[in-house]
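Residue strings, one per chain:
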Amino acid sequence: VPVTRVEGDDRVRRPEWRPWPGEQLELIAHRPPPLDGATLTVDSARLLVRPGVRAASYTLSLTPRTSRGGPWGFELPPGARVQSVRLNNVEQPVSAESARVDVALSPGVNPMVVTWQADDALDVRIESPEVRVGDRLVNVEVTVELPADRWLLLTGGGQYGHAILFWSVLAVLVIVSLGLSRVPGPPLGFGAWLALGLGISQTALPAAIVVVAWLFALAFRARCTPHDTPRFNLLQVGIVCLTFAAAIVLVTSIQQGLLGQPDMQVAGNGSNASTLRFFSDRTAGQVPSVWVVSLPVTAYRALMLVWALWLAGALIRWTRWGWASFS
């Protein structure tokens, strides 16, 4: 019997038959064969790493989704001491002697949080453990929270992360210092220009323009003396103003270097110098390992102390030359 009409849209169709007397409508339904597939998936995984002086603490947040339910478990890294396991916001029994997590999942989404500690002492290079929790993971995020007394240098790991822009600024400073050292005038070589830029870059890199302008203004005054009285007075007043501005920049740089925190200009993925976020959209079932290289902040302040002592000696030489140029 042909279909009389069909109602509905492309997604839901409702055919209608109107058999005539003597006609029959025969419907044959076929059951599609079952296809092999996973009954469990993890929608997201987030690992929070808090390194400490003697031990590190870890928090792993998972959202497993299952269609059948049943027992499920995974192994933590060797040496892990499980602190707590919460499933669906309910505390689960744990064994401090075992590094394995076993829970019973119910059909649907089961939010899960696992915390543990390990004897991973804070060192120059720290690396987060690689935790395998299944056959496939999506939306994987690893966050490393560094203590406030660390000087971040390098990071790596994950598919998407952040950038430490200081190293790009350093490359630019090398090129600019090389160019300034070849310009006649101020008594600064390549090393002096580079050291000056590195120290000032920890406060505000554009402020270095004031110091550079002050040095070149003195060099111009040494070569040229305007015969016109108004121009001569204007030049002298401008040099005095630049001298005060350069002094403020240098004093602020010394104070920031000796008392402040290093500015490595971390940008991207919501990261900063103390909170580093790494993201992977898809992995083969494990939370990827990430690494961070850092030093105690005292090492940074020791370097800034050396820079401040160098700057004090350099300013004595520059001041003598500057006064001779100014007068």
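Nothing here was measured: the structure is a model prediction, and the numbers come from that model.

(A) Looking closely at the sheet that holds strand β19 (residues 291–296). As summarised here, the arrangement of the three strands in space is β11-β19-β14, forming an open sheet in which the pairing is antiparallel. Pairing within the sheet leaves two strands with one partner each, and these edge strands are β11 (125–127) and β14 (150–156). Neighbour-to-neighbour, the strand axes of the sheet open up by a mean angle of 25°, direction not taken into account. Where β14 lies against β19, six bridges are found, and the strand directions are antiparallel. Bridge pairing links Leu154 to Val293 in β19. The strands touched by helix α5 (residues 297–326) are β14 and β19; relative to β19, the strand with the most contacts, the crossing angle is about 55°.

(B) Fine view of the packing of helix α2 (residues 190–200) against helix α3 (residues 208–223). As a packed pair, α2 and α3 sit with axes 10 Å apart at the nearest point and diverge in direction by 145°. Counting all contacts with α2, which are made through Trp193, Leu196 and Ile200, the residues of α3 involved are Ala208, Val211, Val212, Leu215 and Phe216. In the contact of α2 with α3, the residues fall into eight nonpolar, no polar and no charged.

(C) Fine view of the pairing of strand β4 (residues 56–66). In this structure, strand β3 (residues 40–50) lies alongside β4, joined through nine bridges in antiparallel fashion. Bridging across to β4, Arg50 finds its partner in Ser57. Strand direction decides the pairing type here: β4 and strand β10 (residues 112–118), joined by seven bridges, are antiparallel. Bridging across to β10, Thr59 finds its partner in Thr115. In terms of strand pairing, β4 meets strand β9 (residues 108–109) through two bridges, oriented antiparallel. From the neighbouring strand, Arg65 faces β9, where its bridge partner is Val109.

(D) Quick look at the environment of Thr66. On the secondary structure map, Thr66 appears in strand β4. The buried category is assigned to Thr66, whose relative accessible area is 7%. Once the C-alpha coordinates of Thr66 and Arg277 are considered, the two residues, 211 residues apart in sequence, prove to be 28 Å apart. Those residues in contact with Thr66 that lie beyond four places of it in its chain are Thr39, Leu40, Leu105, Ser106, Pro107, Gly108 and Asn110. A polar contact of 3.3 Å, which involves the side chain of Thr66, links it to the backbone nitrogen of Arg68.

(E) Highlighting the confidence of the model for the protein chain. Mean pLDDT over the protein chain stands at 87; residues scoring 70 or higher make up 96%. Considering each helix and strand of the protein chain separately, the mean pLDDT is smallest for strand β1 (residues 5–8), with a value of 66, and largest for β19, with 94.

(F) Highlighting the packing of α3 against α5. The interhelical angle for the contact between α3 and α5, taken along N-to-C directions, is 45°, at an axis separation of 8 Å. Viewed along their axes, α3 and α5 adopt a mutual orientation that is oblique. Relative to α5, the crossing made by α3 is left-handed. Side by side, α3 and α5 meet where Leu215, Leu218, Ala219, Arg221 and Ala222 of the first sit next to Trp321, Gly322, Ser325 and Phe326 of the second. A class-by-class count of the residues in the contact of α3 with α5 yields six nonpolar, two polar and one charged.

Calculation notes
- Residues numbered from 1 in each chain as written.
- Predicted model: local features only at pLDDT ≥ 70, side-chain atom pairs only at ≥ 80, totals over all residues.
- Heavy atoms only, no water.
- Pairing = 2+ DSSP bridges.
- Helix = DSSP H or I, 4+ residues; strand = E, 2+ residues; numbered from the N terminus.
- Axes fitted to C-alpha atoms, helices over the stretch in contact; angles between N-to-C directions.
- Contact = heavy atoms within 4.5 Å.
- Nonpolar A, V, L, I, M, F, W, Y, C, P; charged D, E, K, R; others polar.
- Buried < 20%, exposed > 50% of the residue type's maximum accessible area, 1.4 Å probe, protein only.
- Polar contact = N/O pair within 3.5 Å; in protein donor to acceptor, adjacent residues only side chain to side chain.
- pLDDT = per-residue confidence, 0-100.
- Parallel < 35°, antiparallel > 145°, perpendicular 65-115°, else oblique.
- Left-handed = near helix turned anticlockwise from the far one by under 90°.

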